[in-house]
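# Understanding the architecture of this molecule
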Amino acid sequence: MPASPTVEELRAEEDRVRLHRFDYDFAWVLGCEIRRIASEEKLPIAIEIAHYGDSIFSTLLSGASPDNSVWVRRKRAVVERFHHSSLYMRLLCERNGVDFHARYRLPEADFAASGGGVPLRLHNVGIVGVAAVSGLPDVEDHRLIMRAVANLTR
């Protein structure tokens, strides 16, 4: 398994990856692209694409469980609150030697600082949505989303 990225690498990735457009059609296409990759690789995941708290695309693939949907919701909540990926927040807290939930006084039932929640940023606008995946090790969840975004923004 490849090493986890650093906090600095994730911050650079967030600054670099910007969408040229975001609407419900693009959100659906992104969800379908993540699903396509996951189906080809037989990955048992949950996927959600959201816009300002509203779910636009949501699915469970074969082998995933309803628990994965809960993890997706909790990862999405981290991105919506902090405007950084859920993996960034996990690694930042680990680097600083703090427990995420204690540091920010957030309930574990609602927030998961675990990779797989990624902010969707629009050029010259900022965050317009969240892509979230659960079912793989958290770094792999994050990388799956980034692969799909890269496929659509080349």
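The present account deals with the structure reproduced in this document. (Residues numbered from 1 in each chain as written. Predicted model: local features only at pLDDT ≥ 70, side-chain atom pairs only at ≥ 80, totals over all residues. Heavy atoms only, no water.)

### Brief notes about the pairing of strand 1 (residues 46–51)
Spelled out, the test is: Whether a residue is buried, partly exposed or exposed follows from its accessible area with a 1.4 Å probe, protein chains only, as a fraction of its type maximum: under 20%, in between, or over 50%, in that order. The numbering of helices and of strands both runs from the N terminus, where a helix is a DSSP run of H or I of at least 4 residues and a strand a run of E of at least 2. Here the rule is simple: two strands pair whenever DSSP picks up at least two bridges between them.
Taken across its six residues, strand 1 has six buried, putting it largely inside the fold. Taking every second residue as pointing to the same face, both faces of strand 1 are buried, with Ala46, Glu48 and Ala50 on one and Ile47, Ile49 and His51 on the other. Both strand 1 and strand 2 (residues 54–60) contribute to a ladder of six bridges, which runs antiparallel. Looking at the pairing, Ala50 lines up with Ser55 of strand 2. Adjacent in sequence and paired antiparallel, strand 1 and strand 2 are bridged by two residues, among which Tyr52 carries a positive phi angle near 45°.

### Describing the nonpolar core
Across soluble globular proteins, nonpolar side chains have a tendency to be buried as a group. In plain terms, the rule: In these notes, a set of buried Ala, Val, Leu, Ile, Met, Phe, Trp, Tyr and Cys residues joined through side-chain atoms within 4.5 Å is what counts as a nonpolar core. The contact criterion used is simple: two residues touch if any of their non-hydrogen atoms lie within 4.5 Å.
In terms of nonpolar packing, the biggest core is built from 27 residues, with Phe22, Leu30, Ile34, Ile45 and Ile49 touching the most fellow members. Among the secondary structure elements, those contributing two or more residues to this core are helix 2 (24–40), strand 1, strand 2, strand 3 (117–122), strand 4 (126–134) and helix 6 (138–153). The leading source of residues in this core is helix 2, at six residues. In this view, Ile45 contacts Ile34, Ala38, Thr59, Leu60, Leu61, Ala64, Val133, Ser134, Gly135, Leu136 and Leu144; residues no more than four positions away in its chain are not counted. Leu10, Leu87, Tyr88 and Leu91 belong to the second-largest nonpolar core, a separate cluster that totals 16 residues.

None of the figures reported here should be taken as evidence of function without further support.
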